[in-house]
Amino acid sequence: MIPLPGSRVIILLLAVLGLALAPLRAANKEINLFAWSEYFPQSVLEGFTKETGIRINYETFASGEEMLAKMLAGGTAYDLVQPPDYIAEALIKNRLLVPLDYTKLPGVKNILPEYLNMAHDPEQRYTLPYMVSTVGIVVNTERVKEPITGLVDLFSPRYAGRIVVVDDARELVTAALYVLGYPLNEINTKNLAEARPLLAQWMKRIKLYDSDSPKTALLNGDVDLGYVWGGEAARLWAENPKFAYVIPKEGAHQFVDVMAIPQGAKNVEAAHRFLEYLLRPEVSKAISDEFPYTNPNGAARQLLTPEQRANPASYPPGDRKFGTFRHLGETGAMIDELITDLKNAR
Amino acid sequence: MHALADTAPAHGGRRAGVVAWLLLAPLALWLLLFVVVPMAGLVVYSFCQRDDLGRVVYDFSWENYARVFDPIYLKILGRSIGYAALTTVICIVIGYPVAWYIARQRSPLRERLLLLVMIPFWTSFLIRTYAWIAILKSEGLLNGLLQFSGVVTAPLSLLYTPTAVVIGLVYAYLPFMILPIYGSAEKLDNALVEAAHDLGAGPIRAFSHVIIPLTWPGIAAGIMLVFVPAIGMFAITDLMGGAQVPLIGNVIQNQFFRARNAPFGAALGVVFTLLFILTYALAHRRRRATTA
């Protein structure tokens, strides 16, 4: 007979295993946060843990599509996700988010009204805005002396090999649609066919595609112009005001990154506490200090310094209205194919 | 292969015993869990479709395979093979003399030189790639040096070019070429080279007729270790090539995340893998034909 380990040993082993797993199972003692990279200051996360004892596991992604793919794949049960508006819209339509309990979120009064009840979540049932940004043009005015007012100026032949753009097929196509005068969410075969020759010309002049940190190549002097996230432009301007930010005259859109609780979240209570913490003016200000996107929290904006509020990339002057991305169904694949094909053609 | 089969009986019978299977079990399990099962999943996915969120829908379709053979993707595959082949050739040209030199040294020095080849692995691959960005960027170390010494007046545009991609690839894979060649060169009996000289072979003839054939197993292993992974590499093209020109690795990665089209990504992956198996089988058959 094969000697079996004594039952006492087995019980002991199970007990040890149980002890090891116990902290993992305790509800609302931790939050699995799935958010953009370069978006949460460490001090903000640590401040919450210090105050509440709730640990935050911050897992990052680099594009809204990547977030969606990993969230749908299962794996981790996320308690909070941070999709951009058009991905949030798709999640809401597919009933993949948990409605928020506003009795636990009195701080929502701090959010400026123009950032509530937007197209992606018209009843504001599922999402809270985190940060907002436009997408626009950065110019190194020490190297580029001519005035740049729009996308046609940016992609002109004289700047060939001096341009960085975000590595995002939809952003590129949207820029082309603006120049052609089409609405940014009308993605169809005809409009893409018209955009194609324009994009083919532009893409020959682009030196670098980078969504993670387009500011790096501008700072390094490898390129002199960019079509980048407003928050990246704001950090460049704060570093050196020679980096001017231009909202393209042909048209510009803004994106809203929101916080939401996905179906299947295990720590809904703790997630609400973290959301309420983020709504606090001083916490939201601390986020703006490190990541100077457009802060939708009006009370937090009051706390910003005059220099921070004067940053043209964070708070574009004037009162232009910006479009937002809507969820694309099947047509999304056409965009990806077009850009892959064009990248390949050069 | 032949030698192994011939000597095996002397070591206790042809039939693999229970012990042998037990010893093999961890490897077999590992292969099953992390190669066979994922590969099977990939094959299943490749015949599926996606819904508008990008979730896999289990409806049978040939569509993904039809798309793989679209000229767009064939061209990308061709370019990837070109980059990988160039990388492999450069790795052999640089790596062979290094490996040969190290193998010919006396013991303590030899181990130290070998250590130098391996030291870069102690740092994360991504950090080493970022270091190259610091070297090649237009206000970087290399341009600074060239301008300071007066070789060039304006900074050279090195980063975000195909050249930068090849530099990155060669840098990443060079040790994988040096180590197997070293292994072969170290075992090479110097008496054979001397015999070649005694029989009247000059240095070139001795090299091409004696040294190369005897170190060929190392070169062949190096080619497999460099060429195959270099085709699928995507991080270097993104970071050092500026994501301008897609290689097949980038396209596959994009399908799984940005484009959220896992079935198409899976089809690309399956075709890609079949291609490797085919190449390997052909190479193997030719080698057997030449040794037989």
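Residues numbered from 1 in each chain as written. Chains lettered and ligands numbered in written order. Predicted model: local features only at pLDDT ≥ 70, side-chain atom pairs only at ≥ 80, totals over all residues.

J.: Account for the domain arrangement of chain A, naming residues and giving values.
T.: Residue and element names in this part refer to chain A. Domain boundaries assigned for chain A yield domain 1 (24-132 + 255-310) and domain 2 (133-253 + 320-345). Here domain 1 and domain 2 have C-alpha centroids that lie 27 Å from each other. Listed as interface residues are 18 residues of domain 1 and, on the opposing side, 13 residues of domain 2. For the side of domain 1 that touches domain 2, the elements supplying multiple residues, two or more each, are helix 4 (85-93), strand 5 (127-140) and strand 10 (254-262). Per element, the largest residue contribution to the side of domain 1 that touches domain 2 is 5 residues, and it comes from helix 4. Each residue belonging to the side of domain 1 that touches domain 2 can be placed in one class, and the counts come to 12 nonpolar, 3 polar and 3 charged. (Domains from an automatic or database assignment. Contact = placed C-beta atoms within 7 Å. Helix = DSSP H or I, 4+ residues; strand = E, 2+ residues; numbered from the N terminus. Nonpolar A, V, L, I, M, F, W, Y, C, P; charged D, E, K, R; others polar.)

J.: Help me get a handle on the interface of chain B and chain A, residues and values and all.
T.: Across the boundary between the two partners, chain B contributes 24 residues, which contact 25 residues of chain A. Elements that contribute at least two residues to the side of chain B that touches chain A include exactly helix 4 (71-103) and helix 12 (248-256) of chain B. Sort the elements by how many residues they give to the side of chain B that touches chain A and helix 4 of chain B lands first, with 3 residues. When grouped by side-chain class, the residues that make up the side of chain B that touches chain A number 12 nonpolar, 5 polar and 7 charged.

J.: Describe the packing of helix 4 of chain B against helix 8 (residues 162-187) of chain B, with residues and values.
T.: Residues and elements named next belong to chain B. Between helix 4 and helix 8, the shortest axis-to-axis distance is 7 Å and the interhelical angle comes to 45°. When the interaxial angle is binned, helix 4 and helix 8 end up oblique. Of the two elements, helix 4 crosses helix 8, and the hand of that crossing is right-handed. Split by residue class, the contact of helix 4 with helix 8 holds 23 nonpolar, 2 polar and 1 charged. (Axes fitted to C-alpha atoms, helices over the stretch in contact; angles between N-to-C directions. Parallel < 35°, antiparallel > 145°, perpendicular 65-115°, else oblique. Left-handed = near helix turned anticlockwise from the far one by under 90°.)

J.: Describe the environment of Glu66 of chain A, naming the residues involved and giving the relevant values.
T.: Considering the arrangement of structural elements, one finds Glu66 of chain A in helix 3 (residues 64-72). A sequence separation of 17 residues divides Glu66 of chain A from Pro83 of chain A, and the C-alpha atoms of the two residues are 10.0 Å apart. Not counting chain neighbours up to four residues away, the residues in contact with Glu66 of chain A comprise Phe61 of chain A together with Phe257 and Arg258 of chain B.

J.: Run through the pairing of strand 1 (residues 30-36) of chain A, naming residues and quoting values.
T.: Residue and element names in this part refer to chain A. With 6 of its 7 residues buried, strand 1 lies for the most part within the structure. Two strands pair when backbone bridges link them, and strand 1 and strand 2 (residues 55-61) are joined in this way by 7 bridges, in the parallel orientation. Bridging from a neighbouring strand, Phe34 pairs with Glu59 of strand 2. Where the polypeptide runs from strand 1 across helix 2 (residues 42-52) and back to strand 2, its parallel neighbour, the crossover connection is right-handed. Pairing analysis gives 2 bridges linking strand 1 to strand 3 (residues 80-81), with the strands arranged parallel. Paired with Phe34 across the bridge in strand 3 is Val81. (Buried ≥ 20, exposed ≤ 12 C-beta atoms within 10 Å, placed from the backbone. Pairing = 2+ DSSP bridges. Right-handed = clockwise from strand over helix to strand, strands pointing away.)

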